[in-house]
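Spelled out from the first residue to the last, the chains are:
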Amino acid sequence: MKALDYAAEVSAVPIGDILRRYPLAVDYLANMRLDRVDEFKTLPEILEDVDEDILEEFGLDREEVIFHFCAFLEAFSRKRDSVEAISSITILGGRDKAGRPEMVELTITPGEVVSIVGPTGSGKSRLLEDIECLAQRDTPTARQILINGSVPDLDKRFSAGGKLVAQLSQNMNFVMDLTVQEFLEMHAKSRMISGSAAVVEKCFAVANSLAGEKFTLDTKVTQLSGGQSRSLMIADTALLSSSPIILIDELENAGIDRREAVKLLVGNEKIVLMSTHDPLLALRADKRIVIRNGGIAKVIETTAEEEQTLQKIEAIDSILLDIRNQLRGGGVVAKESIPEFQEN
Amino acid sequence: MKLITVAGPPSSGKTSVILKTIAALGLPEGSVGVVKFDSLTSFDHQRYDEQQIPNQTAFAGKICPDHHFVSNVEGAVEWGMKKGLSVLVTESAGLCNRCSPYVNGILSVCVIDNLSGVNTPRKIGPMLKYADIIVVTKGDVVSQAEREVFAFNIREVNASATVLFVNGITGQGAFMLARYWQDALDIRTLRDRKLRFTMPAAICSYCTGETLIGEMYQMGMVKRMEFDDV
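Everything quoted here is computed from the prediction, not taken from an experiment.

Draft legend 1. The arrangement of the packing of aromatic side chains in detail. All names here are of chain A. One pass over the full model with this rule turns up seven aromatic pairs over all chains. Plain terms: the ring middles of F174 and F183 are 4.8 Å apart, the flat faces sit at 75 degrees to each other, and that makes the pair edge-to-face. The exposure class assigned to F174 is buried, which follows from its relative accessible area of 8%. Using a relative accessible area of 2% as the deciding quantity, one classes F183 as buried. Ring plane angle 80 degrees and centroid distance 5.8 Å describe the contact between F204 and F215, whose orientation is recorded as edge-to-face. Of this pair, F204 sits in helix 10 (residues 196–210) while F215 sits in the loop between helix 10 and helix 11 (226–240); the two residues are 11 residues apart in sequence, bridging distant segments of the chain. In textbook terms, an aromatic cluster arises when at least three aromatic residues are bridged by ring pairs, as seen for Y28, F69 and F72.

Draft legend 2. Seen up close, the packing of helix 11 of chain A against helix 12 (residues 258–267) of chain A. Residue and element names in this part refer to chain A. Where helix 11 contacts helix 12, the axes come no closer than 9 Å and their chain directions differ by 15 degrees. It follows that helix 11 is roughly parallel to helix 12 by the angle criterion. Crossing of helix 11 over helix 12 shows left-handed handedness. Residue-level contacts link I234, A235 and A238 of helix 11 to A261, L264 and L265 of helix 12. Residues of the contact of helix 11 with helix 12, tallied by class, amount to six nonpolar, no polar and no charged.

Draft legend 3. Summary view of the sheet that holds strand 9 (residues 295–301) of chain A. Residue and element names in this part refer to chain A. Read across the sheet, six strands follow the order 5-6-7-3-8-9 without closing on themselves; strand pairing throughout is mixed. Of all the strands in the sheet, the pair left with one neighbour each is strand 5 (165–169) and strand 9. For this sheet, the mean angle separating the axes of adjacent strands, direction not counted, is 20 degrees. As judged from the five bridges shared by strand 6 (residues 245–249) and strand 7 (residues 271–275), these two strands associate in the parallel manner. Within strand 7, the position partnered with I248 by the bridge is M274. Across the sheet, helix 7 (residues 124–132) lies against strand 3 (113–117), strand 5, strand 6, strand 7, strand 8 (287–292) and strand 9, angled at about 140 degrees from strand 3, the strand it touches most. Together, strand 3, strand 6 and strand 7 form the strand contacts of helix 12, whose direction differs from that of strand 7 by roughly 145 degrees.

Scoring rules and cut-offs
- Residues numbered from 1 in each chain as written.
- Chains lettered and ligands numbered in written order.
- Predicted model: local features only at pLDDT ≥ 70, side-chain atom pairs only at ≥ 80, totals over all residues.
- Heavy atoms only, no water.
- Phe/Tyr/Trp six-rings, centres within 6.5 Å; stacked < 30°, edge-to-face > 60°.
- Buried < 20%, exposed > 50% of the residue type's maximum accessible area, 1.4 Å probe, protein only.
- Helix = DSSP H or I, 4+ residues; strand = E, 2+ residues; numbered from the N terminus.
- Axes fitted to C-alpha atoms, helices over the stretch in contact; angles between N-to-C directions.
- Parallel < 35°, antiparallel > 145°, perpendicular 65-115°, else oblique.
- Left-handed = near helix turned anticlockwise from the far one by under 90°.
- Contact = heavy atoms within 4.5 Å.
- Nonpolar A, V, L, I, M, F, W, Y, C, P; charged D, E, K, R; others polar.
- Pairing = 2+ DSSP bridges.

In structure tokens, the structure reads:
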């Protein structure tokens with residue numbers, strides 16, 4: 001439907017019914033300071049009673065308000081996910097800072113986890129950025145990113161902007177003064193998800209299962225601990241974000257179950273790229289990209305031996321987790337908490 | 001010469017975004033210039049000087065910043081033409097939320113930051129509503145959900161604009177903005193072009209220097225508030 005197709009409906013149907021059909025329209029009216037209206041009147045009837053000067057402050061006359069309202073309804077009735085399903089992304093190598101070519105062609109599919117390792121300043125963020133802007137040999141690295149095996153057309157490249165990729169980093173905080181429940185409801189509303197109550201409930205339950213310490217629905221998001229915040233962000237990104245690709249820049253190792261967090265993200269058919277030096281996470285990935293001097297030096301597939309090592313690392317991690325819980329519970333850490341290591 | 005108008009609330013990151021985008025344009029040094037419109041003081045010229053970017057600063061002082069902008073932007077274009085610039089960026093700060101220093105046909109960019117609160121897009125008004133591109137900064141310090149809600153609130157006010165996230169510190173996202181700048185209209189003058197939205201109305205007694213409070217001192221364009229009966 002085009003914007004004009006809504007005009008007939010808007011002119012004939014009382015605003016109360018319009019608002020029930022298109023719940024978001026309430027925001028449009030509020031933005032125009034028209035939030036207290038007689039719901040049995042149509043929008044044109046309502047506008048007849050509104051002082052022209054007030055409309056003029058918004059730069060509109062009565063007809064333009066109706067047109068803009070229709071455009072609003074059209075924009076928010078479009079198919080929810082304009083981001084099409086992504087079955088793979090492919091990174092075609094460019095060159096490093098010295099101009100040496102990267103001999104890489106790496107395809108990643110949903111449910112796969114790829115970690116990115118390399119010293120600070122080596123170019124990890126640059127790689128994440130190339131993916132975000134769907135680089136076409138036109139960024140400093142000259143890399144090319146393919147979507148579903150082919151070159152994304154320019155339109156898609158621009159329209160997908162910001163929607164393709166969700167990002168998580170440990171510098172991120174909540175700044176809204178809302179409770180966990182209000183926060184999740186607000187996000188669900190912006191995604192226009194029907195049955196949002198169930199999604200909010202699920203998101204909350206999952207976030208709590210990741211967090212070392214539990215929190216409630218009426219906790220303010222700004223009062224959550226680092227681990228709790230991260231848990232909520234991960235659950236929210238997995239279940240409520242529309243973006244098919246998730247870029248993670250380090251996950252704290254305190255107060256959050258990292259294994260479950262990664263499982264949750266891939267379980268929701270996301271493509272996960274993770275910049276990390278945490279062995280637990282880096283080895284959990286299917287592959288890892290090694291960055292050196294601005295370029296992809298190599299791609300390592302996690303070996304069977306590494307997977308065995310991972311089990312040992314997990315054992316060490318759970319020992320530490322156990323000690324942390326002892327501390328949290330006010331206990332005294334016993335020497336036996338740590339098993340003797342074999343000398344060899 | 002391509003002209004790009006950039007506007008946004010104070011400290012939203014306009015200068016950082018402009019610097020990163022100029023770098024991403026990759027044009028020869030000295031071919032991209034900036035004219036900064038500010039109210040009282042500005043230190044941004046130092047940052048442009050450091051990058052060898054030709055720049056000029058204009059202060060509105062006691063004049064309404066929007067009116068000051070529109071009466072000087074043509075001069076800015078003349079300066080850019082004489083300098084032989086291929087891209088000229090005007091940066092407007094100190095504007096009230098009622099303003100939009102945008103001209104029909106000229107690429108208009110509004111910069112706002114994620115930290116300013118999720119409802120900010122709904123309060124900014126014409127500066128946001130009439131922009132072609134809305135650049136959101138400081139996204140690296142808030143959650144993904146807040147970025148998405150923020151972008152959603154922007155779309156509720158301006159459904160046709162392109163929303164881009166740019167990190168003013170690392171420059172992430174500036175590449176995409178530069179792509180849009182490359183397609184900006186080439187002009188030689190602004191004469192006879194039209195503003196997208198009227199400037200705030202002025203000329204009351206206070207515009208002309210009145211400082212006393214009281215109805216008897218008020219003349220010209222005055223808007224009275226209506227309070228509830230008590």
